[in-house]
Amino acid sequence: MDILRIATAGSVDDGKSTLIGRLLYETNSITKDKIEALESASKRKGLDFLDLSLLTDGLIAEREQGITIDVANIYFSTPTRKYIIADTPGHVEYTRNMVTGASNAKVSLILVDARQGVVEQTARHLSIAAMLRIPKVIICVNKMDLVQYQESTFNAIKDSLAELVAQTTFEGQEISFLPISSLYGQNITQKASEMPWFKGNTLLGELEAFEYASTLAHAPARFPVQFVVRPMTEAYHDFRGYAGKISSGTFKVGDAIRVLPTGQESTIATIEKFETKLDQAIAGDSVTITLTTDVDISRGNTLVLASEDNAPALKDFSAQVCWLDHTALSPGKTYLLQHGINITKAKISQITERLDVATQTSTQGVDTLKLNEIGTIALRTAQPISADQYAANPANGAFILIDEFSNSTVGVGFVK
C-alpha cells in the first residue's frame, strides 16, 4: 500500500488534535487499553465525553494547556492506504514547527473555526501550503455544531476565502472545502446526518480518493552521492560504487553522466539494489551506481545526466525564505547554508521583499525579516550548490540556513 503524508494546520483551539483523534478512533486504530486510558483521563478532567485530543498531545504542557506545542507524527491505516499525519501547532509562535511538519506532506488539512471564520493564521497556512507546493489542500470548517450546522455560515467562510485562495494557489493544486464537527464525528468518516445540504465527500473519503502522481520521476535527474562503496574484499576487490537515494529524475544503464561540481563525465555501468541489478532507477530509489571509468567522486557530489545543459551550479541567487529564529535576519550577515548534505558559507546581500500573508501583498526595500516572517532574499555562497528552482524540482530546490555560532537552524529557503 502507498503512504500518504498529511499535515494539519490552523489557529489555536480550532480542533486539530481532536480531528486526528476522531480519525484514529473511527478507523479502529486505537487499542482497547488506550481507549480505557482515554476514558479515565477524560473523567479526571470532568468531561462527559471522550477527549480525543489527548491521543496526540503527548507533552505534559500540551495536556495541561490544551494546546499543541511540538509536531507529533501519527500513524493509521485503512484497507487501501497507510497514512502519516503531522499534527502541527497552531499558534503563530510555532509557525516554524508547522513549516517543518508540512515539508514532506502531500495533503494539508487547514482548519477554520466556524464561529471565528477566516483569521490571519488561515492566510499564513495557505501561503505556506503554496510555498511548499503541497498538491492538495482541504479546508475543514470545524465546530459546525456550535453554529447549528448552518449552511449559510459555511458558505460565508467559503466565499471569504475565495480571493485568498485565488492569490495563493499554484497551477495543479487542488482545493476542497468541507464542513465538519470533529467532536461529534460529523463528516469525518461518515456522512453528516446534521448537514444533509452538503453533497460532497467525507474527510476520509477525500483522503482515500486522492491520487498523487509524483512528477519527480520526470524532473531533471539528480543523484546526490551519500557514500562511496569500496568493500576491498577478495570477491569485490576492485568494486567501486556510489550509493545514495535518487532525489529526482530517472537514471538508466548506459546513460552518460556528469559529476557536479567537478564536471567530470563517465557512463553508468550498473545500477544495483542490494544484490539485484536494475536497468533503471527513478526518484525515491536507494541504489548503488557503478561507472565504466574511475573518476574522482566523493560524498556530497551530485550525478546528473550529461545531456542536460542546465545542470545547476548556483553561487548568486534569490530565494524565498521563512525565518525561524528570534534574532531577525538582516542583510550583510553570514550563515551556513546546507543543501542536501553539503554545507557552505552564505552571505545575505539583500532582502528584496517581505510578504504580508494576510493580504498577499509584498513590501519592497525592508531591512529585516523577523520570526515567522516570509520574504525573498538575495544571497551569495562561498561554494556553488547543485540546487534547482524549487517550483520546478522541489526535491532539489530547498535548503536551510544555520547560525554558525549557535548551530541553530534559523531559516528554511526555496530557490527562486
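Worth saying up front: this structure is predicted, and the values here are computed from it rather than measured.

Hey, could you go over the overall build of the protein chain for me, with residue numbers and the actual values?
Tallying secondary structure elements over the protein chain gives seven helices and 23 strands in all. In summary, the protein chain has a C-alpha radius of gyration of 24 Å against a globular reference of 22 Å for 416 residues, a match within 12%. Taken across its 416 residues, the protein chain has 50% of its residues classed as buried. Across the protein chain, the fraction of contacts at a sequence separation of at least 24, relative to all contacts at a separation of at least 6, is 68%. Accessible area for the protein chain stands at about 19600 Å²; split by element, carbon and sulfur atoms hold 48% of it.

Residues and numbers for the sheet that holds strand E4 (residues 107-113), please.
Two pairing modes exist for strands in a sheet, parallel and antiparallel, and in both the strands are linked by backbone hydrogen bonds. Within the open sheet, the six strands sit side by side as E2-E3-E1-E4-E5-E6. Their pairing is mixed. A single partner strand is all that each edge strand has here, and the edge strands are strand E2 (72-77) and strand E6 (174-179). Between one strand and the next, the sheet's axes are offset by a mean angle of 25 degrees, whatever the strand orientation. Bridge count between strand E1 (residues 3-10) and E4: five bridges; the pairing is parallel. Bridging across to E4, Ala 7 finds its partner in Ser 108. The sheet contacts of helix H5 (residues 120-131) involve E1, E4 and strand E5 (136-142), and relative to E4 the element is tilted by about 170 degrees. Across the face of the sheet, helix H6 (residues 151-168) comes into contact with E4, E5 and E6 while running at roughly 160 degrees to E6.

Which residues make up unusual backbone geometry, and what values go with them?
A cis amide bond links Leu 260 to the next residue, Pro 261, at an omega of 10 degrees. Among the structural elements, Pro 261 can be located in the loop between strand E11 (256-260) and strand E12 (265-273). Not every positive phi belongs to a glycine, and Asn 28 is a case in point at roughly 55 degrees. In this model, Arg 133 sits at a positive phi of 60 degrees, which is unusual for a non-glycine residue. Relative to the assigned elements, Arg 133 resides in the loop between H5 and E5. Judged by relative accessible area, Arg 133 falls into the partly exposed class, the value being 29%.

Describe the pairing of strand E15 (residues 286-291), with residues and values.
Counting buried positions over the six residues of E15 gives five, a clear majority of the element. Bridging between strand E9 (residues 241-245) and E15 involves four bridges; their strand directions are antiparallel. Note on E15: the bridge partner recorded for Tyr 242 is Ile 289. Pairing of E12 with E15, which is carried by four bridges, proceeds in the antiparallel orientation. If you follow Glu 272 over to E15, its bridge partner there is Thr 288.

I'd like to hear about a nonpolar patch on the surface, residue by residue, with values.
Together, Phe 49, Leu 183 and Tyr 184 line one region of the surface with nonpolar side chains, adding up to about 290 Å² of accessible area. Of note, Tyr 184 is situated in the loop between E6 and helix H7 (203-209).

How would you summarise the packing of aromatic side chains if you had to cite specific residues and measurements?
All told, the structure shown has nine aromatic pairs when counted by the stated rule. Members of the aromatic cluster, connected to one another through ring pairs, are Phe 154, Trp 197 and Phe 198.

Tell me about the environment of Gln 116, and name the residues and values.
Positionally, Gln 116 belongs in the loop between E4 and H5. Assessed through its relative accessible area of 55%, Gln 116 is described here as exposed. Note: C-alpha distance between Gln 116 and Asp 14 (102 residues apart in sequence) is 9.3 Å.

Could you give an account of helix H2 (residues 32-44), naming the residues involved and the relevant values?
One turn of the α-helix equals 3.6 residues, which is why residues spaced by three or four share an orientation. Taking 1.5 Å as the rise per residue, H2 with 13 residues should run 18 Å; its terminal C-alpha atoms sit 19 Å apart, in good agreement. Of all the positions in H2, only Leu 38, Ala 41 and Ser 42 are classed as buried. Here the buried residues of H2 occupy an arc of 100 degrees about the axis, which is enough to place them on one side. What points out from H2, more than 90 degrees from its buried face, is the exposed set Lys 32, Asp 33, Lys 43 and Arg 44. Looking at the residues trailing H2, positive phi occurs at Gly 46, about 80 degrees.

Lay out the side chain of Arg 258 with the relevant residues and their values.
Inspection of the secondary structure assignment puts Arg 258 in strand E11. Judged by its relative accessible area of 18%, Arg 258 falls in the buried class. Dropping the residues within four chain positions of it, Arg 258 is found in contact with Gly 263, Gln 264, Glu 265, Thr 302, Leu 303, Val 304, Leu 305, Ala 306, Glu 308 and Ala 311.

Describe the pairing of E4, with residues and values.
Counting buried positions over the seven residues of E4 gives seven, a clear majority of the element. Pairing of E4 with E5 involves seven bridges; the strand directions are parallel. Bridging from a neighbouring strand, Val 107 pairs with Lys 136 of E5. Handedness of the E4-H5-E5 crossover: right-handed.

Please give an account of the confidence of the model for the protein chain that cites residues and values.
Considering every residue of the protein chain, the mean pLDDT works out to 88; 94% of them sit at 70 or more. Contacts for the low-pLDDT stretch residues 59-69, under 50 throughout, to residues beyond four places or in other chains number 22 contacts.

Requested: an account of the packing of H5 against H6, with residues and values cited.
Taken N-terminus to C-terminus, the directions of H5 and H6 make an angle of 25 degrees; their axes are 10 Å apart at the nearest point. Judged by the inter-axis angle, H5 sits roughly parallel to H6. Handedness of the crossing formed by H5 with H6: right-handed. When H5 is examined against H6, the residues Thr 122, Ala 123, Leu 126, Ser 127 and Ala 130 are found in contact with a partner set consisting of Leu 161, Leu 164, Val 165 and Thr 168.

How would you explain helix H1 (residues 16-26) if you had to name every residue and give the values?
In terms of residue burial, H1 counts as a mostly covered element, since nine of its 11 residues are buried. Every buried residue belonging to H1 is among Lys 16, Ser 17, Thr 18, Leu 19, Ile 20, Gly 21, Arg 22, Leu 23 and Leu 24, and all of these are buried. For H1, the secondary structure elements touched by its buried residues are E1, E2, strand E3 (82-87), E4 and H7.

About the cut-offs
- Residues numbered from 1 in each chain as written.
- Predicted model: local features only at pLDDT ≥ 70, side-chain atom pairs only at ≥ 80, totals over all residues.
- Heavy atoms only, no water.
- Helix = DSSP H or I, 4+ residues; strand = E, 2+ residues; numbered from the N terminus.
- Rg over C-alpha atoms; globule rule 2.2 N^0.38 Å.
- Buried < 20%, exposed > 50% of the residue type's maximum accessible area, 1.4 Å probe, protein only.
- Contact = heavy atoms within 4.5 Å.
- Areas by Shrake-Rupley, 256 points an atom, 1.4 Å probe, with all protein chains shown as cover.
- Pairing = 2+ DSSP bridges.
- Axes fitted to C-alpha atoms, helices over the stretch in contact; angles between N-to-C directions.
- Patch = residues over 30% accessible without salt bridge, like charges linked within 9 Å, V, L, I, M, F, W, Y side chains within 5 Å.
- Salt bridge = Lys/Arg side-chain N within 4 Å of Asp/Glu carboxyl O.
- Phe/Tyr/Trp six-rings, centres within 6.5 Å; stacked < 30°, edge-to-face > 60°.
- Expected span 1.5 Å × (residues − 1).
- Arc of directions from axis to C-beta.
- Right-handed = clockwise from strand over helix to strand, strands pointing away.
- pLDDT = per-residue confidence, 0-100.
- Parallel < 35°, antiparallel > 145°, perpendicular 65-115°, else oblique.
- Left-handed = near helix turned anticlockwise from the far one by under 90°.

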